[in-house]
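Residue-level structure breakdown
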Amino acid sequence: FLSDPAAAAGRGDDAIWPVPLVVRSGEGGRTVEQRILLRGRSAEVSLEGEGEPAFVLANAGATGFYRVAYDAAGLAALVEHLPRLATAERITLLSDEWALVRAGEREIGAFTNVAKEGTRNYAMAMADPAFWNVEAFAIGRLSRLPVHPDQRDLIRMINLELFHNAFFAGTSERDPAALMTAA
């Protein structure tokens, strides 16, 4: 997808570029990584390993030059296993979700689920100041999204919760006035 859907209209660009993928799947405490060269518009990939994987990460190592749009179940599995992802992979997942929201391809809830989980786990959050930086950037733009007036209060509540998680993780600070001052 393109961040500006209007830019895709009438492109007439039929070029197909080879895309190297690194896919990681997790089963219990074990992970399996596969390297794949996507040569067409789509491909079916058989995952190595036994059984149904707990999660599948389509940009392992976060070195791909592409965005990934997971389905709801795939995204939920990644959010559940977020602590198993490297910092760069968490940042890429958050950035991909934010890009999908901006492009109108994803509801804001998917982005906020990744953001909330990324700051809910205090130890993980403390180890990932770069994740917080990406999150803070996106949070700052949430209030600028073109939303129906009825949704403005929802956006404010999401901002409040995310800022609370990010700036007061591990403390007993609960004063909304102090939170808004920090924001």
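Residues numbered from 1 in each chain as written. Predicted model: local features only at pLDDT ≥ 70, side-chain atom pairs only at ≥ 80, totals over all residues. Heavy atoms only, no water.

1. Side note on the pairing of strand E1 (residues 19-27)
For E1, the tally of buried residues reaches eight of nine residues, placing the bulk of the element in the interior. Here nine bridges tie E1 to strand E2 (residues 30-38), and the two strands are oriented antiparallel to one another. Along E2, the bridge assignment pairs Pro20 with Leu37. A loop of two residues connects E1 with E2, the two strands running antiparallel in sequence, and Gly28 in this loop sits at a positive phi of about 60 degrees. Sheet topology note: the E1/strand E3 (residues 55-57) ladder contains three bridges and is antiparallel. Within the sheet, the bridge partner assigned to Gly26 lies in E3 and is Phe55. (Buried < 20%, exposed > 50% of the residue type's maximum accessible area, 1.4 Å probe, protein only. Helix = DSSP H or I, 4+ residues; strand = E, 2+ residues; numbered from the N terminus. Pairing = 2+ DSSP bridges.)

2. Quick word on the nonpolar core
As a rule of thumb, nonpolar side chains are buried together in soluble globular proteins. In terms of nonpolar packing, the biggest core is built from 27 residues, with Leu21, Tyr70, Leu75, Leu78, Leu85, Leu93 and Phe111 touching the most fellow members. Going through the elements one at a time, E1, E2, E3, helix H2 (72-80), helix H3 (87-102) and helix H4 (108-120) are the ones with two or more residues in this core. It is H4 that contributes the most residues to this core, five residues altogether. Those residues in contact with Leu93 that lie beyond four places of it in its chain are Tyr70, Leu75, Leu78, Leu82, Leu85 and Val114. (Core = buried A, V, L, I, M, F, W, Y, C linked by side-chain atoms within 4.5 Å. Contact = heavy atoms within 4.5 Å.)

3. Comments concerning the packing of aromatic side chains
Remark: the centre distance and the inter-plane angle together describe each pair of aromatic rings, the angle taken between the planes. Under the criterion given, the structure shown has one aromatic pair. Ring geometry for Phe65 and Tyr66: centres 6.4 Å apart, planes at 70 degrees, overall edge-to-face. Given the relative accessible area of 61%, Phe65 is considered exposed. The exposure class assigned to Tyr66 is buried, which follows from its relative accessible area of 17%. (Phe/Tyr/Trp six-rings, centres within 6.5 Å; stacked < 30°, edge-to-face > 60°.)

4. Observations regarding the environment of Gly29
By the element assignment, Gly29 lies in the loop between E1 and E2. When its relative accessible area of 82% is taken as the criterion, Gly29 is described as exposed.

5. Here we look at the confidence of the model for the protein chain
Put simply, the protein chain has an average pLDDT of 77, and 61% of its residues get 70 or more. In this model residues 170-174 is a low-confidence stretch, pLDDT under 50, and it forms five contacts with partners more than four residues away in sequence or in other chains. Taken together, the stretch residues 178-183 has pLDDT below 50 and engages in nine contacts with residues farther than four places along the chain or on a different chain. (pLDDT = per-residue confidence, 0-100.)

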